[in-house]
Amino acid sequence: MILPAIWWLSFVCFLTLVGNLLVILAVYRETSLHSPTYYYIVSLAVADLCVGVIVIPLAIFFELASPSPYHLLCLLWHITDVGASTASILALCVIALDRYIAITSPIRYPRSFIARHSSIVIAVIWFCSGIIAGPTIIILGGRTNLLESNKNFLNETKNDRCEFPSDPMFIIVSSLVSFYIPLVIMVFVYGRILIFARRQMTALRQGYKRTTSGEAYQSSPIVARFCFRIVKKNRDIPPIKTIENVNAISNTPETITLRIHRGKYCRSPSLPPIVPTHHRLSHRSFPILILNRLRKIHNTRNWSRFSREHKATKVLGFVMGVFIACWLPFFVFLVLTGVFHIHFKNFEQQLFRLFTWLGYTNSALNFLVYSLTSREFRLAFMKLLCPRRYVQHLLKKNARTNQPQRV
């Protein structure tokens, strides 16, 4: 069983290195991805890159060299493992808060702290990850190793395997801070985002939205600003009142109905249909050709084209779901065996390794999630991997082959 596991970990390590390097390069080179949300994605990619550079190679080493006397490498492995997983889930938690503010308060979002000071937030994420991983592993992990060494001395046996610390206090602290508390925050925030997005889509389909005067200005992502114009002959009364100061004048907020103009997102039925001209493909630029081809794939998903913020929220929702699916079995198993002392006699070590490797696999899956769900990342990856002339040649060739069939 060790040899197939080594091959699988090597394959996961290769995908982790290549995929996360492409994500970092894509955000660095594409100016359209220079936003706080994608900077937090880069922080997540750096955490996954640490898994691919340090954690997985050391896991392969300790699988091959067991028992091993390299205690410093074992300590480095555990610290990096806990630190990278903590940085990943804290980055996802910050991304969830970032998406919540961007969706519910798009007008105030550019002025929010999480959008204006993304570098400070990222530095706090990594500082907290280092504080959680380093002292916890050194103090509680050392106490666990001391207890195990005394037990081995009494039994006159020696065990030099690099095993994960099994102290109950360490498991409780690391599980709560590194997984369960951020998990509850993420699920709650994304639940609120889904409820708010569903309301906005209902308003888009109906063509109007009923809301209070203050809420329309503060939290509506559809309307940027409204003005009520009042024409009176009395000069003492100002002729214009905005929604922003309606509640300041009146104690009771007014219920208003907002009409939604959707001309930016859909074409009017009264206009003639657009007939594609294939002979002009050679005069179009490379990004326009790629965007037109990718737009045909997602032409049935109208809600994803509602705004850029909603599309980014959808992609990061998939990332959060994959992270939970990969790491939840490990932390549940860790709490059951380390805190409640529920042991699986014949399969405990095998299950622990399986769930640990499943968590490592998450570091390689984010690149695939970005490629399958984000049009912006697909375009950026295509620019990095494929030559420009080659892609243009393929698009022209496909257009020529499809043209006789449409006639």
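Computed from a prediction, not measured in an experiment: that's the story for all the values here.

So what about the overall build of the protein chain? Which residues, and what values?
The secondary structure content of the protein chain amounts to 13 helices and four strands. Counting only residues that meet the buried cut, the protein chain has 43% of its 407 residues in that class. Considering only contacts in the protein chain between residues 6 or more positions apart, those separated by 24 or more positions represent 77%.

Can you tell me about helix α6 (residues 168-206), naming the residues and giving the values?
The end-to-end C-alpha distance of α6, which contains 39 residues, comes to 55 Å, matching closely the 57 Å that a straight helix rising 1.5 Å per residue would cover. Residue L176 marks the point of greatest curvature in α6, where the axis turns by about 50°. Capping the start of α6 is the job of one residue whose side-chain oxygen sits 3.2 Å from the backbone nitrogen of M169: D167.

Could you give me a rundown of the UniProt feature "transmembrane region" (unreviewed entry) in the protein chain, with the residues and numbers involved?
UniProt's entry tags residues 6-28, 40-64, 70-97, 118-140, 169-191, 315-342 and 354-373 with the feature "transmembrane region" (unreviewed entry), counted in the numbering of this structure. Between the C-alpha atoms that bound residues 40-64 there is a distance of 35 Å. The span itself is 100% helix and 0% strand.

Now, about the nonpolar core: what can you tell me, with residues and values included?
Membership of the largest hydrophobic core comes to 79 residues, with the highest contact counts inside it found for Y360, Y370 and F377. Considering every element that reaches this core, the biggest residue donor is helix α3 (residues 71-104), with 14 residues. When sequence neighbours within four positions are dropped, the list of residues in contact with Y370 reads V23, I41, L44, V315, V319, F377 and F381.

So, the state of the cysteines: which residues are in play, and what are the values?
Inspection of every chain in the model, using the stated rule, returns one disulfide. Between the sulfur of C74 and that of C162 lies a disulfide, 1.9 Å long from S to S. Disulfide C74 to C162: torsion about the S-S bond roughly 90°, handedness right-handed. Of the two residues, C74 sits in helix α3 while C162 sits in the loop between α5 (118-155) and α6, which places them 88 residues apart along the sequence. Across the pair, exposure class does not vary: C74 and C162 are buried alike.

Give me the lowdown on the packing of aromatic side chains, citing residues and values where you can.
Counting across every chain of the model gives 20 aromatic pairs. Note on F61 and F62: the rings are 5.4 Å apart at their centroids and 70° apart in plane angle, and the pair reads as edge-to-face. Among the residues examined, F61 registers a relative accessible area of 30% and is labelled partly exposed. Ring centres of F333 and F352 lie 6.4 Å apart, and the angle between their planes is 45°; this geometry places the pair in the tilted category. Here the residue F333 occupies a position in helix α10 (residues 308-338), and F352 occupies one in helix α11 (residues 348-373), the gap between them amounting to 19 residues. Feature note: the residues F164, F170, F179, Y180, W327, F330, F331, F333, F344, F352 and F355 constitute an aromatic cluster, connected by ring pairs.

Account for the side chain of S363, naming residues and giving values.
Looking at the secondary structure, you find S363 in helix α11. The class of S363 is buried, set by a relative accessible area of 4%. Setting aside anything within four residues of it in sequence, one finds S363 in contact with T16, N20, D48 and V51.

An account of a nonpolar patch on the surface is requested, with residue identities and associated values reported.
Nonpolar side chains collect at one region of the surface, where L97, M169, I172, V173, L176, V177, I181 and I185 lie side by side and expose about 590 Å² of accessible area between them. Sort the elements by how many residues they give to the nonpolar patch and α6 lands first, with seven residues. As for its placement among the helices and strands, V177 is situated in helix α6. Given the relative accessible area of 31%, V177 is considered partly exposed.

Tell me what's going on with unusual backbone geometry, and back it up with residues and numbers.
The backbone of H341 sits at a positive phi, close to 60°, despite the residue not being glycine. Positionally, H341 belongs in the loop between α10 and α11.

Hey, could you go over the pattern of salt bridges for me, with residue numbers and the actual values?
As a working rule, side chains carrying opposite charge can pair if their charged atoms are close by. For the structure shown, the criterion picks out three salt bridges. With a shortest N-O distance of 3.5 Å, K383 and E30 are connected by a salt bridge. With a gap of 353 residues between them, K383 in helix α12 (residues 375-385) and E30 in the loop between α1 (2-29) and α2 (36-64) connect regions that are remote in the sequence. Looking at K383, the relative accessible area reads 30%, which means it is partly exposed. Across the pair R353 and E63 runs a salt bridge, and its minimum N-O distance is 3.5 Å. Here R353, found in helix α11, pairs with E63, found in helix α2; they are 290 residues apart in sequence, far enough to count as distant. A residue is classified by how much of its surface remains accessible, and E63, at 17% relative accessible area, is buried.

What counts, and at which threshold
Residues numbered from 1 in each chain as written. Predicted model: local features only at pLDDT ≥ 70, side-chain atom pairs only at ≥ 80, totals over all residues. Heavy atoms only, no water. Helix = DSSP H or I, 4+ residues; strand = E, 2+ residues; numbered from the N terminus. Buried < 20%, exposed > 50% of the residue type's maximum accessible area, 1.4 Å probe, protein only. Contact = heavy atoms within 4.5 Å. Expected span 1.5 Å × (residues − 1). Bend = angle between axes of the 7 residues up to and from the residue. Polar contact = N/O pair within 3.5 Å; in protein donor to acceptor, adjacent residues only side chain to side chain. UniProt positions renumbered as here; feature names shortened; annotations may be inferred. Core = buried A, V, L, I, M, F, W, Y, C linked by side-chain atoms within 4.5 Å. Disulfide = S-S within 2.5 Å. Phe/Tyr/Trp six-rings, centres within 6.5 Å; stacked < 30°, edge-to-face > 60°. Patch = residues over 30% accessible without salt bridge, like charges linked within 9 Å, V, L, I, M, F, W, Y side chains within 5 Å. Areas by Shrake-Rupley, 256 points an atom, 1.4 Å probe, with all protein chains shown as cover. Salt bridge = Lys/Arg side-chain N within 4 Å of Asp/Glu carboxyl O.

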